[in-house]
Amino acid sequence: MTFEALAGQTISGISLGMVWFLIAVGLSIIFGTLKVLNLAHGSLYMLGSYTCYQVTTSLAPLAGNFWLAVLLAPLVVALVGGLIEVFLLRPIYKAEMLYQYILTFALVLIIAEVCKIIWGAGYHSISVPWPFKGSVRLFGLTFPQYNLFLIVMGAVVFMGLRLLINHTSLGRIIRAVTHNREMANALGVNVPWVYTGVFMLGSWLAGLAGCLWPPMSAVTLGSDMAVVIDCFIIVVIGGLGSLSGAFLGAIILGLTTAYGVLFVPKLAVAFGFILMVIILIIRPWGLLGEPE
Amino acid sequence: MGRIALKAVGLIAAVWFLTVFIFLTPAVQAAEKPIKIGFIHTMSGPISMYGIASSAGAQIAVDEINAGGGVLGRKLELIVRDDKLSPETGLREAKDLVLKNEVDFLTGTISSAVALAISDYASKAKKLYFINIAQSTQMTEEKFHPYVFRFTTNATPYFGYGPAIALAQTFKSKKIISLGWDYEAGKNGLKQFKEKYLELVPDAKIIDELWAPIGSTDFTAQITKIANSGADCIYLAAIYGGGELAFTKQAQAFGLYEKMKMVQPSAGDIESWSNWKQGDPNPKGALTTCRYPFWALKGEKNAAFAKKVLEMTKLEPSYGSLNAYITVYAIKDAVTKAGSTDTEKVIKALEGMTMKTFVGDVKMRAFDHQAMMPTWYGIMDVTPALPFPHITNIKQLGEESYHTIDQIKKIRGQ
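Just so you know, these numbers come straight off a predicted model, no measurement behind them.

**Concerning the overall build of chain A**
Link 1 in the chain: Counting its secondary structure elements, chain A contains 11 helices and 2 strands.
Link 2 in the chain: Each helix and strand of chain A, ordered N terminal to C terminal, gives the series α-α-α-α-β-β-α-α-α-α-α-α-α.
Link 3 in the chain: Relative to a compact globule of 292 residues, whose C-alpha radius of gyration would be 19 Å, chain A shows 19 Å and is just as compact.
Link 4 in the chain: For chain A, the C-alpha atoms occupy an extent of roughly 60 × 50 × 35 Å along the three principal directions.
Link 5 in the chain: The proportion of buried residues among the 292 residues of chain A is 51%.

Set out below in structure tokens:
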């Protein structure tokens, strides 16, 4: 086991983790405040990826078309999220949790069909944008600049959200509603709009991830399901509703997968699930979550 | 009295005409009754390009044969149905075609699950079923019965023996690492690749076998391990579509294409590139197989056929179209040889028959009813000649890329 092999797996584990954090954080935030487990989170990610593809293709000759798409596509997904929250989720908050799951699952099917109707059934490609098209040498490994960019973006998003939640008045309102919605309501906070805002924020984050990851992978049907399962593993490990938990959970999953592939490749596909089961047994509310 | 006699004569005349009519008509109708081919395929949805191209190939053959007088004086008729990628729907259409339309033969489809359902029904209904694209070896090995024939390659040349022989004839890599999606096609593909390659290059080693959950598109962890593994070649086990694109991008960004040889069995399929645009990533330099490299094959008939399929469907000619064309001509040859459409006679005529096609002579192996369809292999590249990435330096493989009869006997437990 050379130092280089270990270092290489570590950095690839961090890359995996940061990408997963970007994808999963929206799910965690929505659950934290609204107590809704949005099964359609992966679908919003996928919608973001298709929208990003559409914008980059439509603006194709323009330089910087990708970065414009990163600006626009998450806003589109946030808007869709807002419409979903106001018109579909609001009426059923009072109902059992089961109805929320059925509704968000129905959204999974609907969004997938809409994507197929608009963009067809084949897969599409978004190119890695300038200025991250090249590679660097790290610990004897050729490492893509774009993955380094994603690691930085993961950190930026994490810190930005922490700033928002912990150091702004808007964040205080969100925390208040998360902690005790009746009390917040009694103190004059417009709880329904906070809910809508947080759902839109979570959707925006899903859409952002949908722009940032596909240049290194693909825009394809089925990415909704592929992504949502990993998201659930991460929020279970880290603790539903905890921002730091999502970050920690993602890094742990990333490193576990990377080291698993290195040392025990045959079992590597199962590691995420094994980890999730262990956490559920010894600390079911997650590493940084709060017991009910 | 006269009126009664008139009525009697009229009645007798009517009965006489009716009787003659009844006896004459069947003979007349039999001479004109067409030979019906029931064509079931996935005609809608994400992978409909295969079904559409295949039905075009079959229709071209039917039109050519009918223009030349048909088969035994009878015209061929193609009836096309959509299985919607569902075994239940495919089975229902097969029953409908056999019982209501009274087809003489069934053919199709792409999904092995659907094909297995149809093949099972065909064995019970004692109707001939000609597989068009479905690759699972089960249908001609474990689940074989005399009413099924396959006019396409199967998973052995596609994922296993084909790439193994190709690698042994080109780079002869010694330290191979595999990466696959964790499902049956991946596991099986690797198993067959290993057994053939290690037989041909005995001093080679598979130094590791890596897996990712099926459908996943982030191979970063596996790629960094591969980069540090000292391997000189990667074999991709049944990762296709969006997953293969993701792998290609990541592997290129991590410099793997410069460091080692890439064996990517699905990359040579032209259907993978239907949304490809110039400048998009592609697995340039990868060793892969292709089941109908129409741009590289010689002969006017090939060029005319490829052009016709493109005209009819606006799609590049998939190997399904080639297979379907060959199947219809095989029906013509077998029925002519047998002198009738009688199922048992046609089976006898097909077994061991050599089909003279515009891609060469193709033998229908009697033991497993598997046509020895060729597989071509080459190195992926992008050239101005074609609008999609394709293989170059093309070589052809034949019977050697299939399981031998002895191997099949073992699989069947005989």
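**A short note on the overall build of chain B**
Link 1 in the chain: Counting its regular elements, chain B contains 13 helices and 15 strands.
Link 2 in the chain: Projected onto its principal axes, the C-alpha positions of chain B cover 110 × 50 × 35 Å.
Link 3 in the chain: Looking at chain B residue by residue over its 414 residues, the buried ones come to 50%.
Link 4 in the chain: Taking the contacts inside chain B whose residues are at least 6 apart along the sequence as the reference set, 70% of them involve residues at least 24 apart.

**A look at the domain arrangement of chain B**
Residue and element names in this part refer to chain B.
Link 1 in the chain: Here chain B is partitioned into domain 1 (33-153 + 298-373) and domain 2 (157-290 + 376-401).
Link 2 in the chain: On a C-alpha basis, the centroid separation for the pair domain 1 and domain 2 is 30 Å.
Link 3 in the chain: Contacts between domain 1 and domain 2 engage 7 residues on the former and 7 residues on the latter.
Link 4 in the chain: Each residue belonging to the side of domain 1 that touches domain 2 can be placed in one class, and the counts come to 3 nonpolar, 3 polar and 1 charged.

**Here's the deal with the pairing of strand β8 (residues 233-237) of chain B**
All names here are of chain B.
Link 1 in the chain: A large share of β8 lies buried, amounting to 5 of its 5 residues.
Link 2 in the chain: By the bridge criterion, 5 bridges tie strand β6 (residues 175-181) to β8 in an arrangement that is parallel. When the sheet's bridge partners are listed, Leu 179 is paired in β8 with Leu 236.
Link 3 in the chain: The sheet contact formed by β8 and strand β9 (residues 261-263) spans 3 bridges and is parallel. Note that in β9 the partner of Cys 233 across the bridge is Lys 261.

**With respect to the packing of helix α2 (residues 41-58) of chain A against helix α3 (residues 65-89) of chain A**
Residue and element names in this part refer to chain A.
Link 1 in the chain: At their nearest, the axes of α2 and α3 sit 8 Å apart, and the two run at 140° to each other. One way to sum up the angle between α2 and α3 is to call them oblique. In the crossing of α2 with α3, the sense of the turn from one axis to the other is right-handed. For the pair α2 and α3, the contacting residues are Leu 44, Leu 47, Gly 48, Thr 51, Cys 52, Val 55 and Thr 56 in the first and Asn 65, Phe 66, Leu 68, Ala 69, Leu 72, Ala 73, Pro 74, Val 76, Val 77, Val 80 and Gly 81 in the second.
Link 2 in the chain: Taken together, the residues of the contact of α2 with α3 sort by class into 13 nonpolar, 5 polar and no charged.

**A few points about the pairing of strand β1 (residues 35-41) of chain B**
Residue and element names in this part refer to chain B.
Link 1 in the chain: Summarising burial for β1: 7 of the 7 residues are buried, a large majority.
Link 2 in the chain: Where burial is concerned, the two faces of β1 agree: the one with Ile 35, Ile 37, Phe 39 and His 41 and the one with Lys 36, Gly 38 and Ile 40 are both buried.
Link 3 in the chain: Note that β1 and strand β2 (residues 76-82) share 7 bridges and pair parallel. Opposite His 41, over in β2, you have Asp 82 as the bridge partner.
Link 4 in the chain: Considered for its hand, the β-α-β crossover made up of β1, helix α2 (residues 48-67) and β2 is right-handed.

**Comments concerning the interface of chain A and chain B**
Link 1 in the chain: Residue-level contacts link 35 residues of chain A with 33 residues of chain B.
Link 2 in the chain: Going through the elements one at a time, α1 (3-34), β2 (141-144), α9 (223-238) and α10 (243-263) of chain A are the ones with two or more residues in the side of chain A that touches chain B.
Link 3 in the chain: No other element matches the 9 residues that α1 of chain A contributes to the side of chain A that touches chain B.
Link 4 in the chain: Among the residues forming the side of chain A that touches chain B, the class breakdown is 19 nonpolar, 15 polar and 1 charged.

**Comments concerning the packing of α1 of chain A against α10 of chain A**
Residue and element names in this part refer to chain A.
Link 1 in the chain: Across the interface, α1 lies against α10 with an axial gap of 6 Å and an inter-helix angle of 145°. Once α1 is placed against α10, the crossing between them reads as right-handed.
Link 2 in the chain: For the contact of α1 with α10, the class distribution of residues is 18 nonpolar, 9 polar and no charged.

**A look at unusual backbone geometry**
Link 1 in the chain: Cis geometry is adopted by the peptide bond preceding Pro 131 of chain A, which originates at Trp 130 of chain A and carries an omega value of 5°.
Link 2 in the chain: Along the chain, Pro 131 of chain A falls in the loop between α4 (97-119) and β1 (135-138).
Link 3 in the chain: Note that the residue after Gly 108 of chain B, namely Thr 109 of chain B, is joined by a cis bond; omega there is -20°.
Link 4 in the chain: Along the chain, the position of Thr 109 of chain B falls in the loop between β3 (105-108) and α4 (112-125).

**What about the confidence of the model for chain B?**
Link 1 in the chain: In the predicted model, chain B carries a mean pLDDT of 92, and 97% of its residues have values of at least 70.
Link 2 in the chain: For this predicted complex, the interface score ipTM comes out at 0.88, alongside a pTM of 0.86.

**Looking at the nonpolar core**
Link 1 in the chain: The biggest cluster of nonpolar side chains holds 211 residues, and the ones touching the most others in it are Leu 22, Ile 23, Ala 24, Val 25 and Ile 234 of chain A together with Leu 106 and Ile 234 of chain B.
Link 2 in the chain: Broken down by element, this core gets its largest block of residues, 16 residues, from α1 of chain A.
Link 3 in the chain: Both domains that furnish three or more residues to this core are identified here as domain 1 (33-153 + 298-373) and domain 2 (157-290 + 376-401) of chain B.
Link 4 in the chain: Setting aside residues up to four positions removed in sequence, Ile 23 of chain A forms contacts with Tyr 45, Ala 209, Trp 213, Val 227 and Cys 231 of chain A.

**Quick look at the environment of Ala 204 of chain B**
Link 1 in the chain: Its place among the elements puts Ala 204 of chain B in the loop between α6 (184-200) and β7 (205-212).
Link 2 in the chain: Once residues within four sequence positions are removed from consideration, Ala 204 of chain B is found in contact with Ser 173, Lys 174, Ile 176, Tyr 197 and Leu 198 of chain B.

Parameters at a glance
- Residues numbered from 1 in each chain as written.
- Chains lettered and ligands numbered in written order.
- Predicted model: local features only at pLDDT ≥ 70, side-chain atom pairs only at ≥ 80, totals over all residues.
- Helix = DSSP H or I, 4+ residues; strand = E, 2+ residues; numbered from the N terminus.
- Rg over C-alpha atoms; globule rule 2.2 N^0.38 Å.
- Buried ≥ 20, exposed ≤ 12 C-beta atoms within 10 Å, placed from the backbone.
- Contact = placed C-beta atoms within 7 Å.
- Domains from an automatic or database assignment.
- Nonpolar A, V, L, I, M, F, W, Y, C, P; charged D, E, K, R; others polar.
- Pairing = 2+ DSSP bridges.
- Axes fitted to C-alpha atoms, helices over the stretch in contact; angles between N-to-C directions.
- Parallel < 35°, antiparallel > 145°, perpendicular 65-115°, else oblique.
- Left-handed = near helix turned anticlockwise from the far one by under 90°.
- Right-handed = clockwise from strand over helix to strand, strands pointing away.
- pLDDT = per-residue confidence, 0-100.
- Core = buried A, V, L, I, M, F, W, Y, C linked by C-beta atoms within 7 Å.

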